[in-house]
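Residue-level listing of the chains:
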Amino acid sequence: QRALMASPSTTPCRVNVQRASMHNVISGYSASPPCPAGQVPCFLPFNDVTRGQMAKIDAQAGGYTDVIPSTQQTFTDVAYSNPFWVYVERASLHGVISGYSSSPPCTTGVPCYLPGNAVTRGQTSKFIANAFYPACQTPQR
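Below you will find a few notes about this structure. Because the structure is a prediction, the values reported are computed rather than measured.

## Observations concerning the packing of aromatic side chains
Move 1: One pass over the full model with this rule turns up two aromatic pairs.
Move 2: Judged by centre distance (5.4 Å) and plane angle (40°), the rings of F75 and Y113 are tilted. Of this pair, F75 sits in the loop between α2 (51-61) and α3 (85-93) while Y113 sits in the loop between α3 and α4 (121-132); the two residues are 38 residues apart in sequence, bridging distant segments of the chain.
Move 3: For F75, a relative accessible area of 2% corresponds to the buried category.
Move 4: With a centroid separation of 4.8 Å and an interplanar angle of 75°, the aromatic rings of Y80 and W85 are classed as edge-to-face.
Move 5: Exposure remark for Y80: the relative accessible area of 52% places this residue in the exposed category.

Here it is in structure tokens:
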């Protein structure tokens with residue numbers, strides 16, 4: 001549980017972080033900064049999550065291991081050199097994410113994903129529902 005050094009025992013989510021880490025869904029950080037001095041690796045449980053990180057979490061939790069050709073680029077702003085590229089491609093392949101198809105917000109062309117933007121609660125709900133309940137029918141109001 002060394003990867004959770006910056007997640008004190010008083011953090012309410014500590015057990016959940018440990019479980020997700022044990023199943024390789026999350027991994028934390030391995031450098032200082034962002035880890036506090038002498039606390040590498042760390043998790044930083046109160047930091048926001050980016051759309052790129054959320055794609056990785058969903059791809060890992062969903063067990064997606066699809067081989068993606070390095071020439072594939074679904075979104076104009078997520079090139080092969082992006083650290084979240086493979087996870088974004090896998091999540092897209094499984095219909096978990098769809099990105100944006102207009103400018104704005106796309107500045108690199110369409111479609112774009114905006115992997116560095118913070119994920120909203122609504123987007124998080126969509127990612128989770130698409131990953132784990134893809135055939136669920138939405139009730140009509």
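## Concerning the environment of T76
Move 1: You can see T76 is positioned in the loop between α2 and α3.
Move 2: Overall, the relative accessible area of 30% leaves T76 in the partly exposed class.
Move 3: In contact with T76, other than residues within four places in its own chain, are T108, G109, V110, P111 and C112.
Move 4: In this structure the side chain of T76 is engaged in a polar contact, spanning 2.7 Å, whose partner is the side chain of T108.
Move 5: A polar contact is formed between the side chain of T76 and the backbone oxygen of G109, at a distance of 2.9 Å.

## Observations concerning the environment of I128
Move 1: Considering the arrangement of structural elements, one finds I128 in helix α4.
Move 2: When its relative accessible area of 35% is taken as the criterion, I128 is described as partly exposed.

## Quick word on the nonpolar core
Move 1: If you look at the biggest cluster of nonpolar residues, it comprises 17 residues, and the most contacted ones within it are F75, V78, V88, V96, I97, Y113 and F127.
Move 2: Here the element with the most residues in this core is α3; it accounts for four residues.
Move 3: For Y113, the residues in contact, after removing those within four places along its chain, are R51, G52, A55, F75, D77, V78, V88, I97, G99, Y100 and F127.

## Observations regarding the layout of surface pockets
Move 1: Its boundaries defined by the atoms lining it, the largest pocket holds a volume of some 670 Å³.
Move 2: The wall of the largest pocket is formed by 24 residues, among which I26, F43, V49, Q53 and I57 lie closest to the centre.
Move 3: Looking at the lining of the largest pocket, the elements that each hand over two or more residues are α1 (14-22), α2 and α4.
Move 4: By residue number, the principal contributor to the lining of the largest pocket is α2, which donates four residues.
Move 5: When grouped by side-chain class, the residues that make up the lining of the largest pocket number 15 nonpolar, seven polar and two charged.

## Comments concerning the side chain of D77
Move 1: Inspection of the secondary structure puts D77 in the loop between α2 and α3.
Move 2: It is R51 that comes nearest to the buried, bridge-free D77 among opposite-charge side chains, at 7.3 Å.
Move 3: Of the polar contacts made by the side chain of D77, one reaches the backbone nitrogen of L114; its length is 2.6 Å.
Move 4: Residues within four places of D77 in sequence aside, it is in contact with N82, T108, C112, Y113, L114 and P115.

Reading the values: the criteria
- For every chain, the first residue of its written sequence is number 1, and the numbers climb from 1 along that sequence.
- The predicted origin of the model limits local features to residues at a pLDDT of at least 70 and limits the giving and counting of side-chain atom pairs to 80 or more, whereas totals for whole chains, interfaces and linings rest on all residues.
- Note: side-chain values were computed over all heavy atoms of the structure, leaving out hydrogens and water.
- Only centres within 6.5 Å qualify two rings of Phe, Tyr or Trp (six-membered ring in Trp) as a pair; their planes then separate them into stacked at under 30 degrees, edge-to-face at over 60, and tilted for everything else.
- The helix and strand labels rest on DSSP assignments: H or I over at least four residues marks a helix, E over at least two residues marks a strand, and numbering proceeds from the N terminus.
- Throughout this description, buried means an accessible area under 20% of the type-specific maximum (1.4 Å probe, protein chains only), exposed means over 50%, and partly exposed covers the range between.
- We call two residues in contact whenever any of their non-hydrogen atoms come within 4.5 Å of each other.
- By the criterion applied in these results, polar contacts are pairs of N or O atoms within 3.5 Å in which, for protein atoms, one can donate a hydrogen and the other can accept it, and in which residues neighboring in sequence qualify only through two side-chain atoms.
- Residue types Ala, Val, Leu, Ile, Met, Phe, Trp, Tyr and Cys, when buried and joined through side-chain atoms within 4.5 Å, form a set referred to as a nonpolar core.
- A cavity here means a set of points on a 1 Å grid, drawn over the protein atoms and nothing else, where a 1.4 Å probe fits but cannot get out; a pocket is an open set with protein on both sides within 12 Å along at least five of seven lines, and a residue lines either one if it has an atom within 4 Å of a point.
- Grid points are joined across faces, edges and corners, and a volume is the space filled by probe spheres set on the points.
- For this scheme, ten residues count as nonpolar: Ala, Val, Leu, Ile, Met, Phe, Trp, Tyr, Cys and Pro. Four count as charged, namely Asp, Glu, Lys and Arg, and the remainder, Gly too, count as polar.
- Within this scheme the basic residues Lys and Arg register as positive and the acidic residues Asp and Glu register as negative, but His and the chain ends are omitted.
- In the sections that follow, a salt bridge refers to a side-chain nitrogen of Lys or Arg positioned within 4 Å of a carboxyl oxygen of Asp or Glu.

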